Amino acid sequence: MPSPKKIKFSKLERLLGEHRGKSLPFALFRNPGEEEIHSLLQNDRENPGFTGGDQKGFVFAPFHTGASPTLFLRPDQAYRTPVPGGAACAMDIGPRPDTEAREIHMGLVEEAVREIRTTSLEKVVLARRFSLPCTLSAVEIFLRLCQTYPRAFCYVWSHPDSGTWLGASPEQLMEFDGTRGHTDALAGTQPAAGFVAPAWSAKEYREQQLVTDFIVEKLREAGLEPEVGPTRDERAGALWHLRTRVGFQADADAAAGLVGALHPTPAVCGQPRGAARDYILGHENFDREYYCGFLGEVGRTGPGSFRLFVNLRCLQLRENSAYIYTGGGITADSDPAAEWDEIQHKSLTVLRALQNSPD
Ligand SMILES: C=C(O[C@H]1C=CC=C(C(=O)O)[C@@H]1O)C(=O)O
């Protein structure tokens, strides 16, 4: 990978304009807490695939490998650009009420709760996709996400084999520096009213604990020693989640193998995983494609290193419209109306960047 050249935003926009004109792959991302945009551009349309080892670049993987390919971007050009200031979105916009969609989602949740109460399925994450008109450019939306969510992993990914996706993810799948790594168990959701963390119910703790237990089990199966941290409240835009960080020591091969073993975790799929995945594929009326997949930079801080995030709070940009994806974990105690409210709240993360003109 060439070492990234520092360029101004206006120059980046020009380069991207030319690149997009030729339908060539690129990824722009801003790491949590950073004030710099990283841009990686590939000069052809080849997909080298994600092979691990000494690879350097950016991976974009689907929820379910059967349906969409795992894509890998080789960075022929790499740039660093300060995030330009100014366009954060106001927080006062809400999703449009949609009675029919609400009924459908509540029906799905009711059916899943029945399944959970009568079978070995413990948790399943059920999602919804909806579209709305959008004429903003990908870069414009990306900037709004960066400026509005300084603690999220914000990205835009564009590839002829996947289309254009954007998001502001609060969830790290795994970070690994060559010897040490960690992964996050993130689940449980409540709307944020101010900066005081909410009180959590037993249902939310249980939903999140399932994710931590799954991660611990996968680490042990890989012969690694999980270092489980405390469970904390985590603010993500206008939401709170519960997060437990699990650290480990590993070599590069073991860490790469762990990515495959962990994905998709019960935070985006369910438990037991096979039954939850079958349930999702059989009941959701759309293809998740890259929603609930993972993405991130590979090989930047050394051979075998990576920093991967779960593709949540995301959208797919189409011609003059956007598909928004949002889901939530269903357990035996789930209340269908509350689950609907939860996914409506989650959709606000990207809706704000689409609907609100910052001018
Ligand atoms: C599946 C999503 O969120 C996951 C991550 C955090 C909290 C979640 C929850 O409370 O259900 C979900 O597991 C989504 O945002 O579409």
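Residues numbered from 1 in each chain as written. Predicted model: local features only at pLDDT ≥ 70, side-chain atom pairs only at ≥ 80, totals over all residues. Heavy atoms only, no water.

- For the chain, the name recorded in an unreviewed UniProt entry is Possible isochorismate synthase, with Robiginitalea biformata as its organism.

**Some thoughts on the sheet that holds strand 7 (residues 123-133)**
Point 1. Taken in spatial order, the 10 strands line up as 1-6-3-2-8-9-17-18-7-14 in an open sheet, and their pairing is mixed. Taken across any chain shown, the strands that pair with only one partner, and hence form the sheet edges, are strand 1 (5-6) and strand 14 (270-271).
Point 2. Across four bridges, the pairing between strand 2 (residues 26-30) and strand 3 (residues 36-41) is antiparallel. By the bridge assignment for strand 3, Phe26 is matched with Leu41. (Pairing = 2+ DSSP bridges. Helix = DSSP H or I, 4+ residues; strand = E, 2+ residues; numbered from the N terminus.)

**Some points on the site of the ligand**
Point 1. Every one of the 18 residues lining the ligand counts as a neighbour, but Thr189, Ala267, Tyr291, Arg313 and Gly329 are closest to it.
Point 2. Within the contact set of the ligand, an oxygen atom lies 3.2 Å away from a side-chain nitrogen or oxygen of Glu207.
Point 3. Calculation on the ligand without its partners gives an accessible area of 390 Å², and the protein chains cover 100% of this total.
Point 4. Elements that contribute at least two residues to the shell around the ligand include exactly strand 11 (180-191), strand 18 (321-330) and helix 7 (336-355). (Near = heavy atom within 4 Å. Polar contact = N/O pair within 3.5 Å; in protein donor to acceptor, adjacent residues only side chain to side chain. Areas by Shrake-Rupley, 256 points an atom, 1.4 Å probe, with all protein chains shown as cover.)

**Some remarks on the sheet that holds strand 10 (residues 172-176)**
Point 1. Taken in spatial order, the eight strands line up as 5-4-15-16-10-11-13-12 in an open sheet, and their pairing is antiparallel. Each edge of the sheet is formed by a strand with only one pairing partner; in this case those strands are strand 5 (71-73) and strand 12 (227-236). Strand after strand, the sheet turns through a mean of 15 degrees between neighbouring axes, direction not considered.
Point 2. Here five bridges tie strand 4 (residues 57-61) to strand 15 (residues 294-298), and the two strands are oriented antiparallel to one another. Looking across to strand 15, one finds that Ala61 is bridged to Phe294.
Point 3. Strands strand 11, strand 12 and strand 13 (239-249) of the sheet are contacted by helix 4 (residues 202-221), whose axis makes an angle of about 165 degrees with strand 11. (Axes fitted to C-alpha atoms, helices over the stretch in contact; angles between N-to-C directions. Contact = heavy atoms within 4.5 Å.)

**Details of the packing of helix 4 against helix 5 (residues 252-262)**
Point 1. Put simply, helix 4 and helix 5 touch, their axes get as near as 10 Å, and they point 140 degrees apart. Judged on the interaxial angle alone, helix 5 and helix 4 are oblique. Helix 5 is crossed by helix 4, and the crossing has right-handed handedness. Contacts between helix 4 and helix 5 pair Phe214, Ile215, Lys218 and Leu219 from the former with Leu258, Ala261 and Leu262 from the latter. (Parallel < 35°, antiparallel > 145°, perpendicular 65-115°, else oblique. Left-handed = near helix turned anticlockwise from the far one by under 90°.)

**Structural notes on the environment of Ala168**
Point 1. Checked against the element boundaries, Ala168 lands in strand 9 (residues 163-169).
Point 2. For Ala168, a relative accessible area of 3% gives the class buried.
Point 3. Separated by 18 residues in the primary sequence, Ala168 and Pro150 place their C-alpha atoms 9.3 Å from one another.
Point 4. Not counting the four nearest positions on each side in its chain, Ala168 is found in contact with Leu145, Tyr149, Ala152, Phe153, Cys154, Leu312, Arg313 and Thr349. (Buried < 20%, exposed > 50% of the residue type's maximum accessible area, 1.4 Å probe, protein only.)

**Focus on the packing of aromatic side chains**
Point 1. Summed over all chains, the structure comprises 16 aromatic pairs.
Point 2. Ring geometry for Phe50 and Phe72: centres 6.0 Å apart, planes at 5 degrees, overall stacked. Taken together, the positions of Phe50 in the loop between strand 3 and strand 4 and Phe72 in strand 5 put the pair 22 residues apart, joining distant regions of the chain.
Point 3. With a relative accessible area of 29%, Phe50 lands in the partly exposed category.
Point 4. Here the aromatic residues Phe29, Phe58, Phe60, Phe153, Tyr155, Trp157, Trp165, Phe286, Tyr290, Tyr291, Phe309 and Tyr325 are joined through ring pairs into a cluster of three or more.
Point 5. In this structure, Arg129 is placed above the aromatic ring of Tyr323, and the distance from its NZ or CZ to the ring centre is 4.2 Å. (Phe/Tyr/Trp six-rings, centres within 6.5 Å; stacked < 30°, edge-to-face > 60°. Lys NZ or Arg CZ within 6 Å of the ring centre and 35° of its normal.)

**Quick look at helix 1 (residues 9-21)**
Point 1. Look at helix 1: 18 Å from first C-alpha to last across 13 residues, which is about the 18 Å you get at 1.5 Å a residue.
Point 2. Those residues of helix 1 lying buried are Phe9, Leu12, Leu15, Leu16 and His19. Projected onto a plane normal to the axis of helix 1, the buried residues spread over an arc of 120 degrees and lie on a single side. In helix 1, those exposed residues whose orientation departs by more than 90 degrees from the buried face are Arg14 and Gly21.
Point 3. Contact partners of the buried residues in helix 1: strand 2, strand 3, strand 6 (77-82) and helix 3 (138-148).
Point 4. Immediately beyond the C-terminal end of helix 1, within one or two residues, lies Ser23, with a positive phi of roughly 50 degrees. (Expected span 1.5 Å × (residues − 1). Arc of directions from axis to C-beta.)

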